[in-house]
Amino acid sequence: MEALDRVVKPKTKRAKRFLEKREPKLKENTKNAMLIKGGNANLTVTEVLKDIYAVKKPFAVLYKKKNITRPFEDQTSLLSILAYVDLDTLKTLLEFFSKKSDCSLFLFGSHNKKRPNNLIIGRMFDYHVLDMIELGIEKFVSLKDVKNSKCPEGTKPMLIFAGDMFDVNEEYRRLKSLLIDFFRGPSVPNIRLAGLECVLHFTAVDGKIYMRSYKVLLKKSGCKIPRIELEEMGPSLDLVMRRTHLASDDLYKLSLKQPKALKPKKKKNISHDVFGTTYGRIHMQKQDLSKLQTRKMKGLKKRPAEKSTEDGGVSPKKSKSAS
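Rules of the game
- Residues numbered from 1 in each chain as written.
- Predicted model: local features only at pLDDT ≥ 70, side-chain atom pairs only at ≥ 80, totals over all residues.
- Heavy atoms only, no water.
- Helix = DSSP H or I, 4+ residues; strand = E, 2+ residues; numbered from the N terminus.
- Buried < 20%, exposed > 50% of the residue type's maximum accessible area, 1.4 Å probe, protein only.
- Polar contact = N/O pair within 3.5 Å; in protein donor to acceptor, adjacent residues only side chain to side chain.
- Contact = heavy atoms within 4.5 Å.
- pLDDT = per-residue confidence, 0-100.
- Axes fitted to C-alpha atoms, helices over the stretch in contact; angles between N-to-C directions.
- Nonpolar A, V, L, I, M, F, W, Y, C, P; charged D, E, K, R; others polar.
- Salt bridge = Lys/Arg side-chain N within 4 Å of Asp/Glu carboxyl O.
- Expected span 1.5 Å × (residues − 1).
- Phe/Tyr/Trp six-rings, centres within 6.5 Å; stacked < 30°, edge-to-face > 60°.

Visitor: I would appreciate a short explanation of the side chain of S142 in the present structure.
Guide: Summarising the element assignment, S142 is placed in the loop between β5 (128-141) and β6 (158-162). You can call S142 buried: its relative accessible area is 6%. Within the structure, the side chain of S142 is placed 3.2 Å from the side chain of D145, a separation counted as a polar contact. Look past the residues within four positions of S142 in its chain and what remains in contact with it is D51 and P235.

Written as structure tokens, this is what we have:
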């Protein structure tokens, strides 16, 4: 049995806390990403991985050593080169690192003559590769090249997607989902205006994907709402899609399945509109509007004759007797 797969009983409190963090939860932890450098990565690919790591920190792990693997070709690469893995153990290198560092997202960089400046972005499900999309770098501007102020580490970015391809094409739609998973950061209950500092803009046009990152500047506007300006801070990438490895519809549907405890219970007689307004339906008995108490006014007061007519009686007025 492999060292990472067997059941381990904790001997210390620290080990117990470590294993509890990796246990399945109703609300899963923030997804971590691993950035891996291929065996023949050049300077451009290395700089891209470093800049993406700077944007993604602290929810990322950067492997600095080169790893000889090809995710698309080597789906069953041997890990027998590692001393603590059996010789007959077959598994991809990505799946091994995913289990070791508890990362469900990965970015792999490589470079060769056939596919220069290559990036492979993907995600895992149950420590197995779910989706992979290969992107080629055509133009790159690093964080160092843009001499502007940067956002602090751990800033949650705002994601903007422009282009019809993200809604029409299935491969671009899956790429959009991948990018949202990769850059979304932690889930937060409240939002502070001053905390909205970073914007990541993705544009799909003419078969290319343009990634730009901006810093949000809040300027004085003379009123309560500040004037917003965007200042480019890097990194910026011009990408082109190459190969794709997408999960089947059944596997993708299984990966999106939520536990029953998280599903909201349906409340009767409550509905919501497209703007999020809540409407409630109240069931009441039929009301007799004739007995409804209204505002008392002298002009609306009934005369004694009208009251007797409603009661069906004779007028109480006495007839005069002859003297």
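What follows picks up the thread again.
Visitor: Please clarify how the confidence of the model for the chain should be interpreted in this entry.
Guide: Fine structural detail should not be taken from predicted coordinates in areas where pLDDT scores are low. For the chain, mean pLDDT is 81; residues scoring 70 or higher make up 87% of the total. Within the model, the stretch residues 76-91 combines pLDDT values under 50 with 29 contacts to residues more than four positions away or in other chains.

Visitor: Mind showing me how you'd approach the packing of helix α2 (residues 43-56) against helix α5 (residues 170-183) here?
Guide: Helix-helix packing is described using two parameters, namely the angle between the two axes and the distance between the axes. The interhelical angle for the contact between α2 and α5, taken along N-to-C directions, is 65°, at an axis separation of 10 Å. On α5, the residues that touch I52, V55 and K56 of α2 are D181, F182 and F183. Of the residues that constitute the contact of α2 with α5, the class distribution is four nonpolar, no polar and two charged.

Visitor: Quick question: what am I supposed to make of the pattern of salt bridges here?
Guide: Once their charged atoms are close, side chains differing in charge can pair, the charge on each being opposite to the other. All told, the structure shown has 13 salt bridges when counted by the stated rule. Here R115 ties to E134 by a salt bridge, and the two come within 3.5 Å at their closest N and O atoms. Taken as a pair, R115 in the loop between β3 (105-110) and β4 (118-125) and E134 in strand β5 lie far apart in primary sequence, 19 residues in all. Looking at E134, the relative accessible area reads 0%, which means it is buried. Through salt bridges with shared partners, a single network forms among K31, R123, D131, E170, R173, R174 and D181.

Visitor: What am I meant to see in α5 here?
Guide: For an α-helix, 3.6 residues make a turn, and residues three or four places apart therefore share a direction. Here α5 contains 14 residues, and its C-alpha end-to-end distance of 20 Å stays within 8% of the 20 Å for a straight helix at 1.5 Å per residue. Residues Y172, R174, L175, L178, L179, D181, F182 and F183 constitute the buried set of α5. A distance of 2.8 Å separates the backbone nitrogen of E171 from a side-chain oxygen at the start of α5, and that oxygen is part of N169. G185 sits one or two residues past α5 and shows a positive phi near 80°.

Visitor: Would you mind going over the packing of aromatic side chains with me for this structure?
Guide: Taken as a whole, this structure holds seven aromatic pairs when the rule is applied. Ring centres of F161 and F166 lie 5.3 Å apart, and the angle between their planes is 80°; on these two criteria the pair is classed as edge-to-face. Look at F182 and F183: their rings are 5.0 Å apart centre to centre, the planes differ by 65°, and that puts the pair in the edge-to-face class. Its relative accessible area of 1% is what places F182 among the buried residues.

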